[in-house]
Amino acid sequence: MRNFFNYIDRPSPIHRMTGASKFVCLLLWSTAAMITYDTRLLALMPVLGLVFFFFAKIRLKDVSFTMGLVGAFLGINLILLYLFSPDHGTEIYGTRHVLFGGGYFVVTAETLFYLLNYVLKFISFIPIVLLFVCTTNPSEFAASLNRIGIPYSIAYAVALALRYIPDIQEDYHEISQAQQARGIELSKKGGVIKRLKGAASILVPLVMSSMARIEVISNAMELRSFGKKRKRTWYMARPFRALDIFAMLFTALLVAAAILLNVLNGSRFYNPFV
Amino acid sequence: MSGISENGGGNAPAAVFEFSHYGFQYEAQQEPTLYDIDLVIHKGEKVLIAGPSGCGKSTLVHSMNGLIPFAYKGKRSGSLKLFGTETADLGIFEISTRVGTVLQDSDGQFVGMTAAEDIAFALENDCVSEPELHEKVRTAAGLVHIEDHLSHAPGELSGGQRQRVAMAGVLVADVDVLLFDEPLANLDPAAGMDAVELIDQLQQKTGAAVVIVEHRIEDVLHRAVDRVVLMDRGHIVFDGTPDALLSSSCLPPCGIREPLYIAALRYAGVAITEEMRPASLSTLRLSEEDKKKVADWFYERPQRKKKAEGAPLLTAEHVSYSYGNGRKALSDVSLSIREGECVAIVGKNGAGKTTFSKLVCGFLPLKEGKIRLREQDLDRLSIKERADHIGYVMQNPNQMISKTMIKDEVQLGLRLRGLPEEEIDRRYEKVLRVCGIWGFRNWPVSALSFGQRKRMTVASILVLDPEILILDEPTAGQDYRHYTEIMEFLREVNEAGITVVIITHDMHLMLEYADRAFVFTGGELIADKTGAEVLTDPALIEKASLKTTSLYGLALMCGIPEASEFAAHFVATERERKHQ
């Protein structure tokens, strides 16, 4: 069954970490990747990411589809970045080493270096997101959100959303087929307006049938004492271990390093050209 | 700890629920839904509450589990006590520690990501510590035999298994009363029978009082119940033993179907008394004279003419299908449906019924085998093109409706096909008249009842002038009156010349309305015969997880070996009476 969380159950130290600490790590890691363009740090992060992949026993083929999509997206991005501003590297680094070409479509070492940093940012960030998605059991995630201080009603709302997403996907699929049979155009054959109208004719019944479900769910929850006490326990709860604390400290250090490098460099960019 | 005290004085078993002059009117309703209810449910008792849709039985359940007055607001009159305390003075959480409810919708009420979490839900909310949580979940799962599926997500469980999870989810809390709201509504026949047996076992193991709300009384009476409470229009019209109920004539006026063997006995002119123990076929005692009456009724049946056979319309040859995950959903299915027929496709969930119909409609790509409409290979046609010949009606009408006005909804398919305005109006009027909703044509969709919506969705497909109509469970969750209304309507459609294919696990429907039945199991087509033949073939029934009809048992009891003809005669007799 397809789910938002593409959880792959394998025994590994990373799987044994709590969802909350992995979530915190993810946030810190992406903050670090976001705030700096320091090539040295950005080069280190993908390497670390690969090491974690290895420890998590996630194989490349488990995520190859998503990787492919990300790769394609990244490629398009790079081309557009270059086309819009082939001289962007010079604006950042202040120097201009022309490698070849001329006029508007000049290729400079600075722009290539800038694009390299861009690629590094992507490949330090994406594998960690995938790692989080593949190693976090969604129910355990909800439990650990509650543990790090998020109210349990909100944590459970997250769990419920994850629980019913496959159902709603299934509904969507069925409604869409039945509506296509009535002649609604959803394929590329129809124009944009036609397809938008078509989408509406699926959304209306989808929303109506989902609304009907909400009453059942809220009754079922109330009849089994949801909200009875100020706290609740979790079947899937897991204790924090040393590795959780260590991982969070480690990623916090990465953020600190990113900030420090930005200060030392005097900007977000590491400049090898001067 | 709670404000509930047990008042078990004297020798009589203590009352769990005590209704006296109880009534309830929902806030948005003009009239009360329950009037002057007097009812006592004792400790350890097993009570069946039956009645047609809208009789107030759901409101009665909501009153018992505390959703009334705590979730549904309204005017309450008289008194309803749980172990001697007014329920209104307790909280819904306090009530839920004594009263466990298994709701009808086995998917919707599954709030956990996995079976184990769903079972643990009530305990989690009660802050039970983790080790104890795991142990209690295991124990409860063992009671309902679901312990091997604890890590499964709801999508990986069958309807029956999800219902077991729901049962375990209330058993963990050690309740005194188990309430089952229409437990058979979404189950295939064999799973329904298992559920009835399991409920019986649970009661014996836990000693809890059991209240079952269901309109299919024959199926519930597969295991003994102490009492049946019959409701109609917000009143209790009968409260007594099942034997007394079945020997009375209370059921038909309420729109509840009598067990088929009871109806057959009545057609044969047998007077049913309480002493005959009519509650179930296994307790029923018939005198030789009664048996002779039944045999005479059968052997003196008139010759009935058969429906003329049409030319083959839809033909499938060696159709196989596997889903992406390698699960084989259909293997080597060949069948032929003739023009003007009404056929049923039966089998338990996952048997391949839905996959087959999706292949026919083009919702799934056909990779192996051929499906032909007359001489035309369907493979070349898109979903939309097939829809001009083959109409598909989904189980839940709300999943098909995208417009707010009936007119727009029914005309949608025609407009999308760009037909001229006069043609649209002509077809629209014709189809609305056929479907009996011409009188409602200016109403908004929201004002229609479930049955009317069903008609409207059928109308919105019929308007496209298909030759074949495929319906997925057209009567799911409907009581006998609505079931009859929908099915008689489909019969008219069929008589107008449209071939009708019904996917169902309702054995009555197959027996009464289908000319032929295709029985699927594990992706294979294992039988192609009449409903009466299917339901009187124990080996086939066993293989396909169906359930024999009680007419089969009655025929054997009365020494009639031609059980399937017996069942067919019964159906024909019933139809003749209905049309008189």
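Residues numbered from 1 in each chain as written. Chains lettered and ligands numbered in written order. Predicted model: local features only at pLDDT ≥ 70, side-chain atom pairs only at ≥ 80, totals over all residues. Heavy atoms only, no water.

1. Description of the overall build of chain A
So the rule is basically this: Helix and strand definitions here come from DSSP, where helices need a minimum of 4 consecutive H or I residues and strands a minimum of 2 consecutive E residues; each element is numbered from the N-terminal end. Taken over C-alpha atoms, the radius of gyration is set against a globule rule of 2.2 Å times the number of residues to the power 0.38. Buried residues are those whose accessible area, probed at 1.4 Å on protein chains only, stays under 20% of the maximum for their type, while exposed residues exceed 50% and partly exposed ones sit between those limits. Two residues form a contact once any of their heavy atoms are found within 4.5 Å. Every accessible area reported is derived by Shrake-Rupley at a probe size of 1.4 Å, with residue values counting cover from the shown protein chains alone.
Along chain A, the regular secondary structure elements total 10 helices and 2 strands. The C-alpha radius of gyration of chain A comes to 24 Å, more than 25% above the 19 Å expected for a compact globule of 274 residues. A principal-axis box enclosing the C-alpha atoms of chain A has dimensions of 70 × 55 × 30 Å. Across the 274 residues that make up chain A, the buried fraction comes to 47%. For chain A, long-range pairs separated by at least 24 residues make up 76% of all intrachain contacts whose partners lie at least 6 apart in sequence. Summed over all atoms, the accessible surface of chain A reaches about 14200 Å², with 72% contributed by carbon and sulfur.

2. So, the overall build of chain B
A count of helices and strands for chain B gives 22 helices and 20 strands. In terms of overall dimensions, chain B is globule-like: its C-alpha atoms have a radius of gyration of 25 Å, near the 25 Å expected for 580 residues. If you line up chain B on its principal axes, its C-alpha atoms span 75 × 60 × 50 Å. Evaluated residue by residue, chain B yields a buried proportion of 58% over its 580 residues.

3. Observations concerning the pairing of strand E12 (residues 328–338) of chain B
Side chains on a regular strand alternate between the two faces of the sheet. All names here are of chain B. Heads up, the rule is: A pair of strands is labelled paired if DSSP reports no fewer than 2 bridges between them.
Note: strand E11 (residues 312–322) against E12, 7 bridges, orientation antiparallel. Of the residues in E12, the one forming a bridge with Tyr 321 is Leu 330. Here E11 folds back onto E12 in antiparallel fashion, the turn holding 5 residues, of which Gly 326 has a positive phi close to 90 degrees.

4. A short note on the sheet that holds E11 of chain B
All names here are of chain B. Quick reminder of the rule: Helix axes are fitted only over the stretch in contact, all axes being lines through C-alpha atoms; the angle between N-to-C directions runs from 0 to 180 degrees.
Within the open sheet, the 4 strands sit side by side as E12-E11-E14-E15. Their pairing is antiparallel. Only two strands of the sheet have a single partner each, and these edge strands are E12 and strand E15 (376–377). Across the face of the sheet, helix H12 (residues 353–361) comes into contact with E11, E12 and strand E14 (368–373) while running at roughly 65 degrees to E12.

5. Re the interface of chain A and chain B
How large an interface is tends to be reported as the accessible area lost when its parts come together. Stated precisely, the cut-off is as follows: In short, buried area is how much 1.4 Å probe accessible area vanishes from two parts on joining, totalled over both. When a carboxyl oxygen of Asp or Glu is within 4 Å of a side-chain nitrogen of Lys or Arg, the pair counts as a salt bridge.
Taken together, the contact pairs 49 residues of chain A with 57 residues of chain B. Of the roughly 4900 Å² buried where chain A meets chain B, counting both sides, 57% is carbon and sulfur surface. By the criterion of area lost to chain B, the three top residues of chain A are Arg 182, Arg 224 and Tyr 235 of chain A, representing 23% of everything that side buries. One can count 8 salt bridges joining chain A with chain B. In this structure, Arg 224 of chain A and Asp 118 of chain B form a salt bridge, with 3.2 Å as the shortest nitrogen-oxygen distance.

6. Observations concerning helix H4 (residues 64–84) of chain A
Residues and elements named next belong to chain A. Applicable threshold: An expected span of 1.5 Å times one less than the residue number is assigned to each helix. In this description, the arc belongs to the directions extending from the helix axis to the C-beta atoms.
Helix length check: H4, at 21 residues, gives a terminal C-alpha distance of 30 Å against a target of 30 Å (1.5 Å per residue), a fit within 8%. Within the sequence span of H4, burial applies to Leu 74, Asn 77 and Tyr 82. Summarising the axial view, the buried residues of H4 lie within an arc of 125 degrees, below the 170-degree limit, and thus occupy one face. Every exposed residue of H4 that faces more than 90 degrees away from the buried side is listed here: Phe 65, Leu 69, Ile 76, Ile 79 and Phe 84. Buried-residue contacts for H4 involve strand E2 (107–108) and helix H6 (109–135).

7. Some details on the domain arrangement of chain A
All names here are of chain A. Going by this rule: Where each domain begins and ends follows an automated or database-derived domain assignment. Put simply, Ala, Val, Leu, Ile, Met, Phe, Trp, Tyr, Cys and Pro go in the nonpolar bin, Asp, Glu, Lys and Arg in the charged bin, and everything else, Gly too, in the polar bin.
Each assigned domain of chain A is listed with its residue range as follows: domain 1 (13–137 + 238–265) and domain 2 (143–223). Computed from C-alpha coordinates alone, the two centres of domain 1 and domain 2 are separated by 33 Å. On the side of domain 2, 4 residues touch domain 1, which itself brings 8 residues to the contact. For the domain 1 and domain 2 pair, buried surface summed over both sides reaches about 420 Å², with 74% attributable to carbon and sulfur atoms. On the domain 1 side of the interface with domain 2, the three residues burying the most area are Ala 20, Arg 238 and Phe 240, jointly 66% of the side's total. Connecting domain 1 to domain 2 are 0 salt bridges. For the side of domain 1 that touches domain 2, the class distribution of residues is 5 nonpolar, 2 polar and 1 charged.

8. Details of the pattern of salt bridges
If you walk through the whole model with that rule in mind, you get 47 salt bridges over all chains. We note a salt bridge from Lys 229 of chain A to Asp 126 of chain B, for which the minimum N-O separation is 3.2 Å. In this pair, Lys 229 of chain A is assigned in the loop between helix H9 (192–223) and helix H10 (242–265) and Asp 126 of chain B in the loop between helix H4 (115–125) and helix H5 (130–143), connecting two distinct chains. Asp 126 of chain B gets classed as partly exposed once you look at its relative accessible area, which sits at 28%. A salt bridge links Glu 132 of chain B to Lys 136 of chain B; the nearest nitrogen and oxygen atoms lie 3.6 Å apart. In this pair, Glu 132 of chain B and Lys 136 of chain B are both assigned in helix H5, 4 residues apart and thus about one turn of the helix distant. By relative accessible area, Lys 136 of chain B is classed as partly exposed at 31%. Here the salt bridges share partners, and the residues they tie into one network are Arg 163, Asp 167, Asp 171 and Arg 213 of chain A together with Asp 107 of chain B.

9. Remarks on the sheet that holds strand E7 (residues 177–181) of chain B
Residue and element names in this part refer to chain B. Spatially, 6 strands are ordered E6-E7-E8-E3-E9-E10 in an open sheet, and the strand pairing comes out mixed. The open sheet terminates on both sides in strands that have one partner only, identified here as strand E6 (99–102) and strand E10 (235–240). Taken pair by pair, the neighbouring strands of this sheet meet at an average axis angle of 15 degrees, ignoring direction. Pairing of strand E9 (residues 227–232) with E10 involves 5 bridges; the strand directions are antiparallel. Counterpart to Val 228 in the pairing with E10 is Gly 240.

10. Some words on the nonpolar core
Residues and elements named next belong to chain B. We apply this condition: Buried Ala, Val, Leu, Ile, Met, Phe, Trp, Tyr and Cys residues that are joined via side-chain atoms within 4.5 Å together make up what is termed a nonpolar core.
Among the nonpolar cores identified, the biggest contains 95 residues, and Ile 119, Leu 554, Phe 566 and Phe 570 are the most heavily contacted of them. Examining the composition of this core, we find that 7 residues originate from one element, helix H10 (residues 260–267), more than from any other. In this structure, Leu 554 is in contact with Tyr 261, Ala 264, Leu 265, Leu 281, Leu 284, Leu 286 and Phe 566, ignoring residues within four places of it in sequence.

11. Here's the deal with the packing of aromatic side chains
Formally: For this analysis, a ring pair means two rings from Phe, Tyr or Trp (six-membered ring only for Trp) whose centres lie within 6.5 Å, classed as stacked if their planes differ by under 30 degrees, edge-to-face if by over 60, and tilted for the remaining angles. In this analysis the charged atom, NZ for Lys or CZ for Arg, is taken to sit over a ring once it is within 6 Å of the ring centre and within 35 degrees of the ring normal.
If you walk through the whole model with that rule in mind, you get 37 aromatic pairs over all chains. Here the aromatic rings of Trp 297 of chain B and Phe 566 of chain B are separated by 5.7 Å at their centres, their planes lie at 85 degrees, and the arrangement is edge-to-face. On the criterion of sequence distance, the pair formed by Trp 297 of chain B in helix H11 (residues 288–299) and Phe 566 of chain B in helix H22 (residues 563–578) is long-range, its members being 269 residues apart. Among the residues examined, Trp 297 of chain B registers a relative accessible area of 14% and is labelled buried. Measuring from ring centre to ring centre gives 6.0 Å for Phe 356 of chain B and Phe 520 of chain B, while their planes differ by 40 degrees; the resulting arrangement is tilted. Remark: Phe 520 of chain B occurs in strand E19 (residues 516–521) and Phe 356 of chain B occurs in helix H12; sequence separation between them is 164 residues. Taking relative accessible area as the criterion, Phe 356 of chain B reaches 3% and is therefore assigned buried. The lysine or arginine in question, Arg 232 of chain A, covers the ring of Trp 234 of chain A, its NZ or CZ lying 4.6 Å from the ring centre. Arg 98 of chain B extends its terminal NZ or CZ atom over the ring of Phe 83 of chain B, reaching a point 4.4 Å from the ring centre.

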